[in-house]
Amino acid sequence: MMASIKGVPICKACCATNNNHRHCYYYSKQVGLSESGSRNLLNLRVQNKWECRLGGVLTKTQTATTPVEENDKPSVDGNGETQITETRRFHRDLQSLPRPLSAIDLSSSLSDGSKVRVAYQGLPGAYSEAAALRAYPECETVPCDEFEAVFKAVELWLVDKAVLPIENSVGGSIHRNYDLLLFHRLHIVGEVQVVVNHCLLGLPGVRKEELKRVLSHPQALDQCEMTLNKLGVTKVSTNDSAGAAQITAAERVRDTGAIASVRAAEIYGLDVLAERIQDDTDNITRFLILAREPIIPGSDRPHKTSIVFSLEEGPGVLFKALAVFALRNINLSKIESRPQRYRPLRIVDDSNKGSAKYFDYLFYVDFEASMAEPRAQYALAHLQEIAKFLRVLGCYPIDTTL
């Protein structure tokens, strides 16, 4: 039989706060569709078109500006000459480092557009900054104080891209960022993998045996537990590893150290007392690159597609959903389930047994195929028939550098 143009809504409920179907559609123009008694035996040519319509358009590029604090102003003596007082004996002046953006920071100025601006969570020297520089070696990195602020920085045109950790080979998935991917309307346009090298840092001239207290992110402390137990130090949690290095440099207490990167040691003027102190030597963090607009998927190199969907309750429903990929020889590289935050429980009435409650889940899946491939398009069209909610988070090249 012959079929005309068909619009397949990739997002049934575009976001948690906007229940309409106007935002994101994936159109397939099917020419010469033939079907010989089986859902799996399809022979058709497909022309693709992505269309994303946002609720508002920001036309003014915005960048963050750092106000001058009162304490940062140089002092003036009685003769009217400026006196410069050295307050820190760091390798670099901490006051010269960029101030992290906050979620409510709306200060802005026009950008000259000379560099790609990439936001990340943490302070200069964080592993997220290393991921941003690995993805865009000539970029201007913009630190943010929390993950929510990273998303908002892209949405408000303060930056061009964002780099966020999504999973670690030792610590597992970062659930907060999975939730934010669903809440915000950004697109995944790439991924980058970074080998983690946890280093023990201290003040210049200090030996690691002198340390009594070590600061770092809770995950870094857990990943270096064996080394820290041998030293017999007290573990103190901080917001991020680079922040731990900054605190160590600022407090200048000889028995206090930090676990952070080599770059953090260079920035804050600390000595590297030991390298690769993590319990597992193969420690890799995967980061996602986010942008306001999706990229055009290609087929010239291996691609990955990330989606999120939810299903009705019933026996074998998840099996049927995943079978749409197996039937088309599409490999799944990642599957993650998260409870729905706005409707965590589903109640099923039964006159004989009363009411039963189930957790209502969202399923995040990464599969190794490009949206430019017909098999990926057929798989999503098939999944659309099973899922009550489906959204494509992005299609992007696979990072094969490691």
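It should be emphasised that the depicted structure is a prediction, and the values quoted were computed from it without experimental measurement. (Residues numbered from 1 in each chain as written. Predicted model: local features only at pLDDT ≥ 70, side-chain atom pairs only at ≥ 80, totals over all residues. Heavy atoms only, no water.)

Undergrad: When you look at the overall build of the protein in this model, what are you seeing that I'm missing?
TA: Within the protein one finds nine helices and 22 strands. Burial statistics for the protein: of 402 residues in total, 45% are counted as buried. Intrachain contacts of the protein at a sequence separation of at least 6 include 75% that bridge at least 24 residues. A total of about 21000 Å² of accessible surface is found on the protein, and carbon and sulfur atoms cover 50% of it. (Helix = DSSP H or I, 4+ residues; strand = E, 2+ residues; numbered from the N terminus. Buried < 20%, exposed > 50% of the residue type's maximum accessible area, 1.4 Å probe, protein only. Contact = heavy atoms within 4.5 Å. Areas by Shrake-Rupley, 256 points an atom, 1.4 Å probe, with all protein chains shown as cover.)

Undergrad: Mind showing me how you'd approach the sheet that holds strand β18 (residues 332-339) here?
TA: Strands sit in the order β18-β21-β17-β22 across an open sheet of four strands; the sheet is antiparallel. Strand pairing shows two members of the sheet lacking a second neighbour, β18 and β22 (389-397), which therefore form its edges. Taken over all neighbouring pairs, the strand axes of this sheet differ in orientation by 15 degrees on average, direction set aside. Note that strand β17 (residues 303-310) and β22 share eight bridges and pair antiparallel. By the bridge assignment, Val308 is partnered in β22 with Arg391. Where helix α8 (residues 317-326) meets the sheet, its contacts fall on β17, β18 and β21 (361-367), and the angle it forms with β18 comes to roughly 150 degrees. With respect to the sheet, helix α9 (residues 374-386) is in contact with β17, β21 and β22, its orientation differing from that of β22 by roughly 165 degrees. (Pairing = 2+ DSSP bridges. Axes fitted to C-alpha atoms, helices over the stretch in contact; angles between N-to-C directions.)

Undergrad: Before we go on, may I ask you to explain the environment of Glu312 in this structure?
TA: Summarising the element assignment, Glu312 is placed in the loop between β17 and α8. When its relative accessible area of 47% is taken as the criterion, Glu312 is described as partly exposed. Measuring from C-alpha to C-alpha, the distance between Glu312 and Ala387 comes to 7.2 Å, with 75 residues separating the pair along the chain.

Undergrad: Which parts of the structure should I look at to understand the sheet that holds strand β13 (residues 234-237)?
TA: Remark on secondary structure: sheet strands pair via backbone hydrogen bonds, oriented parallel or antiparallel. Judged by pairing direction, the sheet is mixed, and its five strands sit side by side in the order β13-β12-β14-β11-β15 without closing on themselves. Only two strands of the sheet have a single partner each, and these edge strands are β13 and β15 (271-274). Recorded for the sheet is a direction-independent mean angle of 35 degrees between the axes of neighbouring strands. One ladder, built from three bridges, connects strand β11 (residues 199-202) with β15; its direction is antiparallel. The partner of Leu200 across the bridge, within β15, is Ala274. Contacts between helix α6 (residues 241-251) and the sheet are confined to β11, β12 (213-216) and β14 (256-260), with β14 contributing the most and set at about 155 degrees to the helix.

Undergrad: Would you take a moment to explain the packing of α8 against α9 for this structure?
TA: Geometrically, a packed helix pair is captured by the angle between its two axes and the distance between the axes. Two elements in contact, α8 and α9, have axes whose closest approach is 8 Å; the angle formed by their N-to-C orientations is 165 degrees. Put simply, α8 runs roughly antiparallel to α9. As α8 packs across α9, the resulting crossing turns out to be right-handed. Here Val317, Lys320, Ala321, Val324 and Phe325 of α8 lie close against α9, whose contacting residues are Ala379, His382, Leu383 and Ile386. (Parallel < 35°, antiparallel > 145°, perpendicular 65-115°, else oblique. Left-handed = near helix turned anticlockwise from the far one by under 90°.)

Undergrad: Hey, could you run me through α9 in this one?
TA: Residues spaced three or four apart along an α-helix point in a common direction, a consequence of the helix completing one turn every 3.6 residues. Across its 13 residues, α9 extends 19 Å between first and last C-alpha, which sits within 8% of the 18 Å expected from 1.5 Å per residue. The complete set of buried residues in α9 reads Ala376, Gln377, Tyr378, Ala379, Leu380, His382, Leu383 and Gln384. (Expected span 1.5 Å × (residues − 1).)

Undergrad: Explain the nonpolar core here, please?
TA: Grouped burial of nonpolar side chains is what soluble globular proteins tend to show. Residues Phe151, Leu181, Ile188, Leu288, Leu290, Val308 and Tyr364 are the most contacted members of the largest nonpolar core, which totals 28 residues. Elements supplying a minimum of two residues to this core: β7 (140-144), α2 (147-155), β8 (161-168), α3 (175-183), β16 (284-291), β21 and β22. Broken down by element, this core gets its largest block of residues, six residues, from α2. Residues lining this core come from more than one domain, with at least three contributed by each of domain 1 (10-195) and domain 3 (297-397). Leaving out residues up to four positions away in the same chain, Leu288 has contacts with Ala162, Val163, Leu164, Ile166, Leu181, Ile188, Gly190, Glu191 and Tyr396. Ranked by size, the runner-up nonpolar core spans 27 residues in total, among them Leu123, Leu221, Ala265 and Ile277. (Core = buried A, V, L, I, M, F, W, Y, C linked by side-chain atoms within 4.5 Å. Domains from an automatic or database assignment.)

Undergrad: When you look at the pairing of β7 in this model, what are you seeing that I'm missing?
TA: Residues in a regular strand point their side chains to alternate faces of the sheet. Of all five residues in β7, four are buried, a share of seventy percent or more. Pairing of strand β6 (residues 117-121) with β7 involves five bridges; the strand directions are parallel. What sits directly across from Tyr120, in β7, is Pro143. Once you follow β6 into helix α1 (residues 127-135) and on to β7, the crossover reads as right-handed. (Right-handed = clockwise from strand over helix to strand, strands pointing away.)

Undergrad: I tried to follow α8 on my own but got confused; where do I start?
TA: Among the residues of α8, those classed as buried are Val317, Ala321, Ala323, Val324 and Phe325. Residues of α8 that are buried sit in contact with β17, β18, β21 and α9.

Undergrad: It is not clear to me how the packing of aromatic side chains should be interpreted in this structure. Could you clarify?
TA: We describe a pair of aromatic rings using the distance from one ring centre to the other and the angle between the two ring planes. Scanning all chains against the criterion turns up three aromatic pairs. Ring geometry for Phe325 versus Phe367: centroids 5.0 Å apart, planes at 35 degrees, classification tilted. One end of the pair, Phe325, is in helix α8; the other, Phe367, is in strand β21, with 42 residues separating them in the sequence. For the pair Phe325 and Phe367, one class covers both residues: buried. If you follow Arg292 out to its NZ or CZ, it ends over the ring of Trp157, 3.9 Å from the centre. (Phe/Tyr/Trp six-rings, centres within 6.5 Å; stacked < 30°, edge-to-face > 60°. Lys NZ or Arg CZ within 6 Å of the ring centre and 35° of its normal.)

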